[in-house]
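Structure at a glance
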Amino acid sequence: MTCHIRLFLAGLVKAVNTAVDLIVAHFGTSRDPGVKAKLGNSSVSPNVGHLVLKYLCPAVRAVLEDGLKAFVLDVIIGQRKNMPWSVVEASTQL
Ligand SMILES: *[C@@H]1O[C@H](CO)[C@@H](O)[C@H](O)[C@H]1NC(C)=O
């Protein structure tokens with residue numbers, strides 16, 4: 001892999017890691033499974049929906065959008081194809 005692709009992937013991994021850390025920290029506030037279930041219920045804990053929407057979704061979207069446009073389509077497939085089938089093709093080849 002070329003250097004700029006490595007840096008690009010490292011940035012995406014960092015963004016996803018940050019999102020996952022925040023969500024794990026959210027659930028880590030209790031060891032009680034019943035309380036954990038409530039922590040995951042966005043109508044009881046709106047904060048969890050906020051964490052997912054604000055941090056995890058943009059990180060995943062960045063992986064899919066930028067990853068496919070700048071990296072997967074050109075480097076792995078070698079040509080641009082229509083989304084979203086290329087997402088499936090690319091992820092199976094990865
Ligand atoms: C989430 O909490 C609400 C309010 O207590 C409850 O009505 C609902 O059934 C819960 N949802 C889940 C998936 O447990």
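Summarised in this report is the structure supplied together with it. (Residues numbered from 1 in each chain as written. Predicted model: local features only at pLDDT ≥ 70, side-chain atom pairs only at ≥ 80, totals over all residues. Heavy atoms only, no water.)

Here's the deal with the overall build of the protein
Assigned secondary structure in the protein consists of 4 helices and 0 strands. The secondary structure elements of the protein, listed N-terminal to C-terminal, are α-α-α-α. Among the 94 residues that make up the protein, the fraction classed as buried is 21%. Sequence-distant contacts, at least 24 apart, represent 34% of the contacts inside the protein between residues at least 6 apart. Surface exposure of the protein reaches about 6,500 Å², of which carbon and sulfur atoms provide 63%. (Helix = DSSP H or I, 4+ residues; strand = E, 2+ residues; numbered from the N terminus. Buried < 20%, exposed > 50% of the residue type's maximum accessible area, 1.4 Å probe, protein only. Contact = heavy atoms within 4.5 Å. Areas by Shrake-Rupley, 256 points an atom, 1.4 Å probe, with all protein chains shown as cover.)

Concerning the environment of Lys 36
Tracing the sequence through the fold places Lys 36 in helix 2 (residues 33–40). Accessibility expressed as a relative area gives 31% for Lys 36, which makes it partly exposed. Lys 36 sits 10 residues away from His 26 along the chain, and the two C-alpha atoms are 9.1 Å apart. Discounting chain neighbours no more than four positions away, the residues touching Lys 36 are Phe 27, Gly 28, Ser 30 and Arg 31.

Let's talk about the side chain of His 26
Its place among the elements puts His 26 in helix 1 (residues 3–27). When its relative accessible area of 9% is taken as the criterion, His 26 is described as buried. Setting aside anything within four residues of it in sequence, one finds His 26 in contact with Leu 39, Ser 45, Asn 47, Val 48 and Leu 51.

Side note on the site of the ligand
Every residue lining the ligand is accounted for by Asn 41, Ser 43 and Val 44. Asn 41 places a side-chain nitrogen or oxygen 2.4 Å from an oxygen atom of the ligand. A distance of 3.3 Å separates an oxygen atom of the ligand from a polar atom in the side chain of Ser 43. A total of 360 Å² of accessible area belongs to the ligand in isolation, and the protein chains cover 22% of it. (Near = heavy atom within 4 Å. Polar contact = N/O pair within 3.5 Å; in protein donor to acceptor, adjacent residues only side chain to side chain.)

Brief notes about the environment of Gly 28
Tracing the sequence through the fold places Gly 28 in the loop between helix 1 and helix 2. What makes Gly 28 exposed here is its relative accessible area of 54%. In this structure the C-alpha to C-alpha distance between Gly 28 and Leu 39, which are 11 residues apart in sequence, comes to 9.6 Å.

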